[in-house]
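Chain residues, written in single-letter form:
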Amino acid sequence: MTTSLATSKHIFNITAEHRAALRSPQLCCGDVEFNEILKSIKQTYNTEGFVLVRGLLDDDTKERLVAAGHELQSADTRRPIGNQFNALEFGSAFNSEKVIFREVALDSAIPAIIARVLLDIEDGDEKKNDTTLRLLKDAFMAKGKEESHCGWHVDDNVFWPTDSSSSGVNVWLSLDEIPAKYGGGMAVSPKSHTAEWRRDAYASIGSTPTLPPEGVSPAQLRKTFGQTCNMASLNEEINAKIEYTKLVFDYQPGDCLFCHRWLFHRSTIINEDGMKHYDDNSALKRYTIRYERGSAKLIQGVSLEPSVLMDPQNSGKSLDEVCEINNKPFYPRCWPPLQVEEKKVQSVGMDVLSQEIFPLAQKKKIETIQGLMAAGAGKA
């Protein structure tokens, strides 16, 4: 097994001046070096499928985010059922009590660099309405002395509910110092988003590209449900190929690892030395944010996606359409930046979703899963 540590060619540093330029109305900076950095960031992302950027959050924002993460991790009521995470909260940007997650996901330099550099949304085709960036999914997670980890995968249709024609960006934001030698971080497989073996890998774990474009049937969802993390047991040959390319990082608080949607990645278990270093009560925190173009379309057919559970007519529609037709920010807009009043309206809408709509959707989700499993058991 080969494990490599990321080098300087994968890591870029952004200054306060660069942050301001990224968030300015027009991306114009007389700093020739900065322009070259942006070009290199984009080239690295396109070629390798990932890039790590430091300095996208100012110190105050970073400290507030780390503090909010510590509070969530420490709250017993937040602890999930299962053995992969010490703490887990989906939809942190919708948490009206911890607004820092919303600020980081929607209003920081993170969506700005995605829209302006990684996805070139400012140069999008207006005729195709390919000019907005939206928050698709987000989650706060903490990993400690868990019994297992999620193996090599690309996000499934629960974590990434748009069809396979879209290629959004997955951001893994470290809230702790996580040296690679102790484990507990995120590993990636460079260039796996374009690897020859990728379609065999998709088929092994039932990834979105293997789903029929006309829609997902109950039987198909039932068959692939829960397979995402099990590459090692489902296809040992492919798993070995991916593991051979494994790249890890020495993470610092505030580090942003930007990954192409189709880049294979996996979490790493805290090793024995790590347990001694962190102590048995350790919980390494991270905030994951998934972004998509507003033109990206939801998968058709059976879905566990809240917007579709609440209205099946949303199936197959673009993120922009879902938000416009329902007049609700299921997928909050990050780019172009909203005006002050627009931002207030969106924020109120997110609170309404969190307090009134998502609890109902969660009940429907549980009922749907129970129905799928019961139907499967009846055919066994």
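Everything that follows concerns the structure shown earlier in this document.
In this report, we go over the structure that sits alongside the text. As the structure is a prediction and not an experimental result, all values here were calculated from the model.

**Notes on the overall build of the chain**
Okay, step 1: Counting secondary structure elements, the chain contains 13 helices and twelve strands.
Okay, step 2: A compact globule built from 380 residues would reach a C-alpha radius of gyration of about 21 Å, and the chain, at 20 Å, matches this within 12%.
Okay, step 3: Expressed as a percentage of its 380 residues, the buried residues of the chain come to 51%.
Okay, step 4: If you take every contact in the chain between residues at least 6 apart in sequence, the share linking residues at least 24 apart comes to 81%.
Okay, step 5: Summed over its atoms, the accessible surface of the chain is roughly 17600 Å², and 49% of this surface lies on carbon and sulfur atoms.
Okay, step 6: Computed over 44 positive and 52 negative side-chain charges, the inter-centroid distance for the chain is 3 Å.

**Observations concerning the pattern of salt bridges**
Okay, step 1: Counted by the stated rule, this structure contains 17 salt bridges.
Okay, step 2: With a closest N to O distance of 2.7 Å, R290 and D155 form a salt bridge. Highlighted residues: R290 in strand β11 (residues 284–293) and D155 in the loop between β5 (133–143) and β6 (169–174), separated in sequence by 135 residues. Considered together, R290 and D155 belong to a single accessibility category, that of buried residues.
Okay, step 3: Each of the salt bridges in this network shares a partner with another, and the network as a whole consists of E243, K246 and R266.

**Here's the deal with helix α3 (residues 59–74)**
An α-helix turns once per 3.6 residues; consequently, residues spaced three or four apart project the same way.
Okay, step 1: Compared with the 22 Å implied by 1.5 Å per residue over 16 residues, the 22 Å span of α3 between its first and last C-alpha is a close match.
Okay, step 2: Within α3, burial applies to T61, L65, A68, G69, L72 and Q73. One side of α3 carries all its buried residues, which in axial view fall inside an arc of 135°. Away from its buried face by more than 90 degrees, α3 exposes D59 and E63.
Okay, step 3: Backbone nitrogen of D60 and a side-chain oxygen of the N-cap are separated by 3.1 Å at the start of α3; the cap is D58.

**Topic: the nonpolar core**
Okay, step 1: Counting residues in each nonpolar core, the largest one holds 61 residues, and the members touching the most others are I41, L56, I110, I114 and F258.
Okay, step 2: For this core, the leading source of residues is helix α5 (residues 109–118), giving eight residues.
Okay, step 3: Discounting chain neighbours no more than four positions away, the residues touching I110 are L56, L57, V104, V171, L173, C256, F258 and Y291.

**Re unusual backbone geometry**
Okay, step 1: Backbone torsion omega between W335 and P336 reads -5°, so that peptide bond is classified as cis.
Okay, step 2: The phi dihedral of N327 falls on the positive side, at around 55°, and the residue is not glycine.
Okay, step 3: For N327, a relative accessible area of 69% translates into the label exposed.

**Quick look at the side chain of S318**
Okay, step 1: Mapped onto the elements of the fold, S318 is located in the loop between α11 (306–310) and α12 (319–326).
Okay, step 2: Not counting the four nearest positions on each side in its chain, S318 is found in contact with G294, S295, A296 and K297.

**Some points on the pairing of β5**
Consecutive side chains along a regular strand alternate between the two faces of the sheet.
Okay, step 1: Taken across its eleven residues, β5 has ten buried, putting it largely inside the fold.
Okay, step 2: Pairing geometry for β5 and strand β12 (residues 333–335), over two bridges, is antiparallel. Its bridge partner lying in β12, R134 is registered against R333.
Okay, step 3: Judged from the ten bridges that link them, β5 and β11 form a sheet pairing that is antiparallel. Directly across from K137, in β11, lies its bridge partner R290.

**Description of the state of the cysteines**
Throughout this description, disulfide means a covalent bond between two cysteine sulfur atoms.
Okay, step 1: Within the structure shown, the criterion is met by one disulfide.
Okay, step 2: One disulfide bridge connects C150 with C229, the sulfur atoms lying 1.9 Å from each other. Its S-S torsion of about -90° marks the bond between C150 and C229 as left-handed, since a negative value means left-handed. Here the residue C150 occupies a position in the loop between β5 and β6, and C229 occupies one in the loop between α7 (218–224) and α8 (231–234), the gap between them amounting to 79 residues.
Okay, step 3: Classification of C150 by relative accessible area gives buried; the value is 10%.
Okay, step 4: Judged by relative accessible area, C229 falls into the partly exposed class, the value being 22%.
Okay, step 5: C323 takes part in no disulfide bond, and the closest cysteine sulfur, belonging to C334, lies 10 Å away.
Okay, step 6: Given the relative accessible area of 9%, C323 is considered buried.

Conventions used here
Residues numbered from 1 in each chain as written. Predicted model: local features only at pLDDT ≥ 70, side-chain atom pairs only at ≥ 80, totals over all residues. Heavy atoms only, no water. Helix = DSSP H or I, 4+ residues; strand = E, 2+ residues; numbered from the N terminus. Rg over C-alpha atoms; globule rule 2.2 N^0.38 Å. Buried < 20%, exposed > 50% of the residue type's maximum accessible area, 1.4 Å probe, protein only. Contact = heavy atoms within 4.5 Å. Areas by Shrake-Rupley, 256 points an atom, 1.4 Å probe, with all protein chains shown as cover. Lys, Arg positive; Asp, Glu negative; His and termini not counted. Charge placed at Lys NZ, Arg CZ, Asp CG, Glu CD. Salt bridge = Lys/Arg side-chain N within 4 Å of Asp/Glu carboxyl O. Expected span 1.5 Å × (residues − 1). Arc of directions from axis to C-beta. Polar contact = N/O pair within 3.5 Å; in protein donor to acceptor, adjacent residues only side chain to side chain. Core = buried A, V, L, I, M, F, W, Y, C linked by side-chain atoms within 4.5 Å. Pairing = 2+ DSSP bridges. Disulfide = S-S within 2.5 Å.

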